[in-house]
Amino acid sequence: MNRELSELHGETRLAPTLRPGDVIIPDDLSSHKSRKAATTMSTAGAWF
C-alpha cells in the first residue's frame, strides 16, 4: 500500500467510523506517516 491509497482509505473508510476521543496508533509503515492522514483523523475527533 502506498501513501496515496492509505490516505484514501483513511478518508473514505476509517474517518467515517471514528467518534470523538477515539485513538489511532499507526505502525512504522511509511505510508501511514502522513500529515494529511493525521489531519483527517483529528478533524473526525480522533487522536492520531
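Residues numbered from 1 in each chain as written. Predicted model: local features only at pLDDT ≥ 70, side-chain atom pairs only at ≥ 80, totals over all residues. Heavy atoms only, no water.

Caption draft 1: Structural detail: the overall build of the protein chain. Secondary structure assignment for the protein chain yields 2 helices and 0 strands. By sequence separation, contacts in the protein chain at least 24 residues apart represent 64% of the contacts at least 6 residues apart. (Helix = DSSP H or I, 4+ residues; strand = E, 2+ residues; numbered from the N terminus. Contact = heavy atoms within 4.5 Å.)

Caption draft 2: Fine view of a nonpolar patch on the surface. A cluster of nonpolar side chains, namely M1, L5 and L8, defines an oily patch on the protein surface of about 330 Å² accessible area. With respect to the element layout, M1 can be found in the segment before helix 1 (3–14). (Patch = residues over 30% accessible without salt bridge, like charges linked within 9 Å, V, L, I, M, F, W, Y side chains within 5 Å. Areas by Shrake-Rupley, 256 points an atom, 1.4 Å probe, with all protein chains shown as cover. Salt bridge = Lys/Arg side-chain N within 4 Å of Asp/Glu carboxyl O.)

Caption draft 3: Highlighting the pattern of salt bridges. A complete count under the given rule lists 2 salt bridges for this structure. Taking the shortest distance from any N to any O, the salt bridge between K36 and E11 comes out at 3.1 Å. Here E11 lies in helix 1 and K36 lies in helix 2 (residues 35–43), a separation of 25 residues in the sequence. With a shortest N-O distance of 3.8 Å, D28 and K33 are connected by a salt bridge. Residue classification places K33 among the partly exposed residues on the basis of a relative accessible area of 48%. (Buried < 20%, exposed > 50% of the residue type's maximum accessible area, 1.4 Å probe, protein only.)

Caption draft 4: Molecular detail of helix 1. Along helix 1, the residues that are buried comprise S6, E7 and G10. Considered in projection along helix 1, the buried side chains sweep an arc of 100° and stay on one side of the axis. What points out from helix 1, more than 90 degrees from its buried face, is the exposed set E4 and R13. Packing partners of the buried residues in helix 1 comprise helix 2. At the N-terminal boundary of helix 1, the capping side chain belongs to N2, with an oxygen 3.2 Å from the backbone nitrogen of E4. (Arc of directions from axis to C-beta. Polar contact = N/O pair within 3.5 Å; in protein donor to acceptor, adjacent residues only side chain to side chain.)

As far as function goes, none of this settles anything; it's purely spatial.
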